[in-house]
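So the chains spell out like this:
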Amino acid sequence: MYRVEHDPDVLAQLEALPVEALPFYLELRAALETAPWGFPSASAINPDGPLRSAAFGDHKRGLAFFLILEDQRRVAVVKVLWAG
């Protein structure tokens, strides 16, 4: 199990999400707690690296970037975006 963390900037991004996006983000968060390495790398240069991304929501309108800190069993969400 991984601990998922959000810094104040990411919390503000989450607060700005539309209401319909929240259940989708909560599903993503649950997946990050159990299997964050199952998401694609955010870097073509370092495909095995700890910086990952995940699309979420209806029609994949949301995008989250996160850093996996394996030695600490921690996932730090660094950015959340929503299109629309």
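Our subject is the structure that appears above.
Heads up: these notes are all about the structure in this document. (Residues numbered from 1 in each chain as written. Predicted model: local features only at pLDDT ≥ 70, side-chain atom pairs only at ≥ 80, totals over all residues. Heavy atoms only, no water.)

**Points about the sheet that holds strand β2 (residues 51-56)**
Moving on, step 1. Strand order in this open sheet of four strands is β1-β4-β3-β2, and the pairing throughout is mixed. Only two strands of the sheet have a single partner each, and these edge strands are β1 (3-6) and β2. Ignoring which end each strand starts from, the neighbouring axes of this sheet average 30° apart.
Moving on, step 2. Here strand β3 (residues 62-69) pairs with strand β4 (residues 74-82) via eight bridges, running antiparallel. Its bridge partner lying in β4, L67 is registered against A76.
Moving on, step 3. Helix α1 (residues 8-15) contacts β1 and β4 of the sheet and is inclined by roughly 40° relative to β4.
Moving on, step 4. Each of β1, β2, β3 and β4 is contacted by helix α2 (residues 22-34), which is oriented at about 130° to β1, the strand it contacts most. (Pairing = 2+ DSSP bridges. Helix = DSSP H or I, 4+ residues; strand = E, 2+ residues; numbered from the N terminus. Axes fitted to C-alpha atoms, helices over the stretch in contact; angles between N-to-C directions. Contact = heavy atoms within 4.5 Å.)

**Considering the packing of aromatic side chains**
Moving on, step 1. Going through the model one piece at a time under the given rule, you end up with three aromatic pairs.
Moving on, step 2. Judged by centre distance (5.6 Å) and plane angle (70°), the ring pair of Y25 and F56 falls under edge-to-face. Here Y25, found in helix α2, pairs with F56, found in strand β2; they are 31 residues apart in sequence, far enough to count as distant.
Moving on, step 3. Ring geometry for F39 and F66: centres 5.8 Å apart, planes at 85°, overall edge-to-face. Residue F39 is located in the loop between α2 and β2, and its partner F66 is located in strand β3; the two are separated by 27 residues in the primary sequence. Across the pair, exposure class does not vary: F39 and F66 are buried alike.
Moving on, step 4. Above the plane of the ring of Y2 lies R73, whose end atom (NZ or CZ) is 4.0 Å from the centre. (Phe/Tyr/Trp six-rings, centres within 6.5 Å; stacked < 30°, edge-to-face > 60°. Buried < 20%, exposed > 50% of the residue type's maximum accessible area, 1.4 Å probe, protein only. Lys NZ or Arg CZ within 6 Å of the ring centre and 35° of its normal.)

**Side note on the environment of G84**
Moving on, step 1. Considering the arrangement of structural elements, one finds G84 in the segment after β4.
Moving on, step 2. With 56 residues separating them in the primary sequence, G84 and L28 have C-alpha atoms 19 Å apart.

**What to know about the pattern of salt bridges**
Two side chains that carry opposite charge are able to pair once their charged atoms sit near each other.
Moving on, step 1. Throughout the structure, instances matching the rule amount to five salt bridges.
Moving on, step 2. Residue E5 pairs with R3 through a salt bridge whose shortest N-O separation is 2.7 Å.
Moving on, step 3. Accessibility expressed as a relative area gives 47% for R3, which makes it partly exposed.
Moving on, step 4. The shortest N-O distance in the salt bridge between E33 and R29 comes to 3.6 Å. In this pair, E33 and R29 both sit in helix α2, four residues apart, roughly one turn of the helix.
Moving on, step 5. Exposure remark for R29: the relative accessible area of 25% places this residue in the partly exposed category. (Salt bridge = Lys/Arg side-chain N within 4 Å of Asp/Glu carboxyl O.)

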